[in-house]
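These are the residues of each chain, in order.
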Number of protein chains: 2
Amino acid sequence: MPADRGLAVSQECADCPIRHRAVCARCENDELQQLEDIKYYRKFEAGQNVIWSGDRMDFVGSVVSGIATLTQTMEDGRTQMVGLLLPSDFVGRPGRDTAPYDVVATTDLVMCCFRKKPFESLMVSTPNIAQRLLQMTLDELDAAREWMLVLGRKTAREKIASLLSIFARRDASINMSMATGRIVFDLPLTREAMADYLGLTLETVSRQISALKRDGVIELEGKRHVTVPDMDLLLEEAGDDSDGGMLV
Amino acid sequence: MPADRGLAVSQECADCPIRHRAVCARCENDELQQLEDIKYYRKFEAGQNVIWSGDRMDFVGSVVSGIATLTQTMEDGRTQMVGLLLPSDFVGRPGRDTAPYDVVATTDLVMCCFRKKPFESLMVSTPNIAQRLLQMTLDELDAAREWMLVLGRKTAREKIASLLSIFARRDASINMSMATGRIVFDLPLTREAMADYLGLTLETVSRQISALKRDGVIELEGKRHVTVPDMDLLLEEAGDDSDGGMLV
DNA sequence: CGTCTACTTGAACACGATCAAAACGAGTGG
DNA sequence: CCACTCGTTTTGATCGTGTTCAAGTAGACG
């Protein structure tokens, strides 16, 4: 178990890639300075646990790059992913000190961490941080509720299409591929991780991906490289309103 | 469609039953006074819609008494309940003006409402409100994620047991029935509403309740009156850690 | 090559859904 | 008091989606 490299990334908040989306988004320069004083970076390798459920948590932080998952596990081993952490997402809960879920790095991961105690003090003295955190938490609550519909009522095919839409949408907003209509991305999760997110088995995930490929909804190169020729078609397969719920 | 009685409950915040649990929990007397200035009560009858998905929302508020549900519906009619609103729970989102879900009164319901604009101003000027709302939102996020495990990985029997545990736990904390070991309560939801919460059909709900009764996990008088002779047994059926995750 | 791990595919099964009918309880009116 | 309706719930029979168990393929790395 190779420890994370001690001397990690060093970076100015000013040119941080998640500057305008993370908890610090609303901070003024002086507030940013205060955060800078208590922050440090940590790197994790793909597959590494960031936090173990039940462990004491003495930091909170933001995902800078890479992807992590939040998962819950029952005694008999059944696991359910309850959150997908993308760059700018926040980890940890001010005011609680043991972690309720496992946090696992799915890809190589860089996190911007704050020691919990000083961060909690800042929360009180800096409304811009608390307000941003409230906003982000409300967004996550909406996402969690949307996912409850997926888990409770959608078919396996719709579930897969829903998950692919999430990746496709995220990628479209980064790569500006809207123009061409074709969206291309790499799946950041294994079939098993997808199954854990969707409440399915990995075999069913595999079968449904094959089916969507066979039906021309997606194209596959290798196991991970996906092309979506027609986003509207994918959304239809996902069972979402085609006239896109523009919550953004 | 009988309108809600215009002249509704009038009440002092000081002797409000949800005073220490709602958004206002942390407020000092002067802050409470400011809330009192912008609040008004509304009553809804069982079955009435409080809010329709997509509608403009010009108020936020707290459930004072009764039970309401948050539900999401797909075009083809499949519905999933995404939240259960009990007394002291908060409805509405500062900073957003169209409702993302239907809110339906399941029993007769009293809400303490605040006009949205003034409330948003108070949020900025009164950290105690914003902080309490953040705390409550984080709790709801935890609850939503717990429910994702129920929806994604539990069997029908475990789902029913999980739902019954929620009601039982809530009731135990009110009635102090811990002593006797027997917990008694009335189901606040129809079989159909339970099905919508659990991602099942109402027939399956009915069958599993019958099965739990047959196996002595619960006792039933009529359709709604439930007795739990052994809470540990119920929790075991729900698939939860028997040594109770004491998050309280 | 051999050995991983990740993924795919097949066959049989089981759980929960679906369709259908009947029981129950509360309310209404003769 | 019984007959009637209406909404909720129970129970039964059959069906289908997704699971389970099992074998096999593909690609990476030694």
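The model shown is predicted, which means the values in this text are computed figures rather than measured ones. (Residues numbered from 1 in each chain as written. Chains lettered and ligands numbered in written order. Predicted model: local features only at pLDDT ≥ 70, side-chain atom pairs only at ≥ 80, totals over all residues. Heavy atoms only, no water.)

Trainee: So what about the nonpolar core? Which residues, and what values?
Mentor: The biggest cluster of nonpolar side chains holds 115 residues, and the ones touching the most others in it are Val50, Phe185 and Val228 of chain A together with Val50, Phe185 and Val228 of chain B. Contacts of valine 50 of chain B, omitting those with residues within four sequence positions, involve Phe44, Phe59, Val103, Val104, Ala105, Leu109 and Met111 of chain B. Counting residues in hydrophobic clusters, the runner-up holds 52 residues, among them Phe119 and Leu122 of chain A together with Cys13 and Leu133 of chain B. (Core = buried A, V, L, I, M, F, W, Y, C linked by side-chain atoms within 4.5 Å. Buried < 20%, exposed > 50% of the residue type's maximum accessible area, 1.4 Å probe, protein only. Contact = heavy atoms within 4.5 Å.)

Trainee: How would you sum up the relation of the copies chain A and chain B? Please name residues and give values.
Mentor: Mapping chain A onto chain B leaves a residual RMSD of 0.0 Å; the transformation is a rotation of 180° accompanied by 0.0 Å of translation along its axis. Overall, the copies show the geometry of a two-fold rotation axis. A shared interface surface links the copies, since 98% of the contact residues of chain A are contact residues in chain B too. (Least-squares fit on C-alpha atoms with pLDDT ≥ 70 in both.)

Trainee: Requested: an account of the protein's contact with DNA strand D, with residues and values cited.
Mentor: The full set close to DNA strand D counts 17 residues, and Ala156, Thr204 and Arg207 of chain A together with Arg191 and Ser206 of chain B are the nearest of them. In DNA strand D, atoms within 4 Å of the protein come from the sugar-phosphate backbone in 63% of cases. At 2.7 Å, a backbone N or O of alanine 156 of chain A approaches a phosphate oxygen of DNA strand D. Measuring from a base nitrogen of DNA strand D, one finds a side-chain N or O atom of glutamate 203 of chain A at 3.2 Å. If you list the elements that add at least two residues to the surface near DNA strand D, you get helix H6 (202–214) of chain A together with helix H6 (202–214) of chain B. The element that contributes the greatest number of residues to the surface near DNA strand D is H6 of chain B, accounting for five residues. Residue composition of the surface near DNA strand D, by class: three nonpolar, seven polar and seven charged. (Near = heavy atom within 4 Å. Polar contact = N/O pair within 3.5 Å; in protein donor to acceptor, adjacent residues only side chain to side chain. Helix = DSSP H or I, 4+ residues; strand = E, 2+ residues; numbered from the N terminus. Nonpolar A, V, L, I, M, F, W, Y, C, P; charged D, E, K, R; others polar.)

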